[in-house]
Amino acid sequence: MTKYKIAVVPGDGIGKEIVPAAMEVLLAAGEKFGFSFDMENFDYGAGYYLEHGKFMPEDALEKLKAFDAVYFGAVGLPGVDDTLPAKDYTFKVRTQFQQYVNYRPVRVYPGVTRPLRSEKPFDFVVVRENTEGEFVQVGNQYLPDEENGMGVDTSIFTRKGIERVAHYAFQLARTRRNKVTHVTKSNTLINSLSYWDRVIKEVATQYPDVTHDQMYIDNASASFVLKPEVFDVVLTTNLFGDILSDLGGAIMGSLGLGGAGNINPEKDFPSMFEPIHGSAPDIAGKNIANPIGQIWSGVMMLEHLGENEAANAILAAVDKTTESGVLPVDLGGSSSTQEISKAVISNL
Ligand code: ATP
Ligand code: MG
């Protein structure tokens, strides 16, 4: 029987509740489809920081390297500087492990009330560049005195960085509905993002069978709300992808529904799977967090490991669960975190 080595990093807040609940679902799928997990828990995050002054120990990445994948909840706590989770954990793992694709699907769940008036179904994937761009943390604050000051962040986009995520998006489109929409703002970010456009257009010529169009981020945001059904694969930069995928979560009905994969397509380092939302301290400890985004990121982990049959079965079980009206509080229901994951398991 195949045994996958999984590093489990629940993190903070609701991560501690939804990760164990979602793991139960993955374990049940393993039993049904003939694989198992060798799991190790790591207590990294803002809680760890309060005790040790850093989000994870020095040798953390060296340790995580040995695993087939990292199953991650969320990091961050009120009272802990909110620039630290990205700087000390997420961005470090994503860049060190060359997880240059952030894969974030958006689709309709049966039985879930959505905020959009249109009933038209939608099903697309936001492919967000995950290692460079606006998130490189290159910049400075100049604070000479009380009256004057200046903050500068530099975005860095490289040919290599753009090309590799673009190839991923075009190849993904070939497995879907053959369309890539790339989203930038090259009419105002005239150096960095017009370079993006140029490189993307070059890559696109290698995929003549894939329809390729372009939108600016402002228009794309409006289109997510007005006509989400036009999208298949949305290819965009780190910052724009971050924003668009929260919007994607919102049009599905809740942030709690969105899952994500930080993917190293070459598999030379582990990939990391997490929900799109954060640690939600406002609802932590109440057993009401929606575990579906976490479960969905587990589905992506199984796909990455090659367990497609199990992945499809879990998604179908989640659909059956929402369709039958077993819904968490954020979707207008009253089921607890565990009640949701138990229902998914029984539908499996
Ligand atoms: P981060 O910067 O880490 O992304 P954030 O500040 O964007 O965090 P979240 O933690 O994502 O904030 O929470 C945003 C809102 O969405 C909160 O009101 C939270 O309660 C709600 N929320 C997020 N995840 C869930 C979930 N799984 N179930 C229910 N509500 C959620
Ligand atoms: Mg957020």
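Residues numbered from 1 in each chain as written. Chains lettered and ligands numbered in written order. Predicted model: local features only at pLDDT ≥ 70, side-chain atom pairs only at ≥ 80, totals over all residues.

We now examine the overall build of the chain. Within the chain one finds 11 helices and 12 strands. Taken along its principal axes, the extent of the C-alpha atoms in the chain is 55 × 50 × 40 Å. Residues classed as buried in the chain amount to 46% of the 348 residues present. (Helix = DSSP H or I, 4+ residues; strand = E, 2+ residues; numbered from the N terminus. Buried ≥ 20, exposed ≤ 12 C-beta atoms within 10 Å, placed from the backbone.)

What follows concerns the environment of V125. Inspection of the secondary structure assignment puts V125 in strand β5 (residues 123–129). Through-space distance from the C-alpha of V125 to that of F42 is 30 Å; in sequence the pair is 83 residues apart. Excluding anything up to four places from it in sequence, V125 contacts Y103, R104, P105, L172, V233 and V234. (Contact = placed C-beta atoms within 7 Å.)

One can read the domain layout of the chain as domain 1 (1–112 + 259–348) and domain 2 (114–124 + 134–252). When each unit is reduced to the centre of its C-alpha atoms, the spacing between domain 1 and domain 2 is 24 Å. In this complex, domain 1 contributes 14 residues to the contact, which on the side of domain 2 involves 18 residues. Going through the elements one at a time, α4 (84–96) and β4 (101–107) are the ones with two or more residues in the side of domain 1 that touches domain 2. Broken down by element, the side of domain 1 that touches domain 2 gets its largest block of residues, 5 residues, from β4. Tallied by class, the residues present in the side of domain 1 that touches domain 2 amount to 9 nonpolar, 2 polar and 3 charged. (Domains from an automatic or database assignment. Nonpolar A, V, L, I, M, F, W, Y, C, P; charged D, E, K, R; others polar.)

What follows concerns helix α9 (residues 292–305). Compared with the 20 Å implied by 1.5 Å per residue over 14 residues, the 20 Å span of α9 between its first and last C-alpha is a close match. Extensive coverage of α9 is indicated by the burial of 12 of its 14 residues. Within the sequence span of α9, burial applies to I292, G293, Q294, I295, W296, S297, G298, V299, M300, M301, L302 and H304. Note on α9: the residue one or two positions beyond its end, G306, has a positive phi of about 95°. (Expected span 1.5 Å × (residues − 1).)

Now for unusual backbone geometry. Leaving glycine out, the prevailing phi sign among residues is negative, and the prevailing peptide bond configuration is trans. One non-glycine residue, Q137, lies in positive phi territory at about 60°. Positionally, Q137 belongs in strand β6 (residues 133–142). Looking at Q137, the number of C-beta atoms within 10 Å reads 13, which means it is partly exposed. Within the chain, N178 stands out as a residue other than glycine whose phi angle is a positive 60°. In this fold, N178 is placed in the loop between α5 (159–174) and β8 (179–184).

Another point: the UniProt feature "domain: Isopropylmalate dehydrogenase-like" (unreviewed entry) in the chain. The residues that UniProt annotates with the feature "domain: Isopropylmalate dehydrogenase-like" (unreviewed entry) are residues 5–344. The distance separating the terminal C-alpha atoms of residues 5–344 is 23 Å; by composition the span is 40% helix and 23% strand. (UniProt positions renumbered as here; feature names shortened; annotations may be inferred.)

An order of β2-β1-β3-β12-β11-β4-β5-β10-β8-β9 is seen for the 10 strands of this open sheet, with the pairing classed as mixed. Because the sheet does not close on itself, it has two edges, and the strands there are β2 (35–41) and β9 (211–216). Taken pair by pair, the neighbouring strands of this sheet meet at an average axis angle of 25°, ignoring direction. Helix α7 (residues 217–226) contacts β8 and β9 of the sheet and is inclined by roughly 105° relative to β9. (Pairing = 2+ DSSP bridges. Axes fitted to C-alpha atoms, helices over the stretch in contact; angles between N-to-C directions.)

What follows covers the site of ligand 1. Near ligand 1 lie 15 residues; those nearest to it are G256, H277, G278, A280 and N290. Looking at the shell around ligand 1, its residues break down into 6 nonpolar, 7 polar and 2 charged. (Near = placed C-beta within 6 Å.)

A few words on helix α6 (residues 192–204). For α6, built from 13 residues, the straight-helix expectation of 18 Å at 1.5 Å per residue is met to within 8% by its first-to-last C-alpha distance of 19 Å. Buried residues of α6: L193, W196, I200, V203 and A204, and no others. Axial view of α6: buried residues confined to an arc of 95°, hence all on one face. Each element contacted by the buried residues of α6 is listed here: α5, β8 and β9. (Arc of directions from axis to C-beta.)

Summarising burial for strand β11 (residues 259–263): 5 of the 5 residues are buried, a large majority. Burial along β11 is two-sided: G259, G261 and I263 facing one way and A260 and N262 facing the other are all buried. Bridge count for β4 against β11 is 3 bridges, and the pairing is antiparallel. The partner of N102 across the bridge, within β11, is N262.

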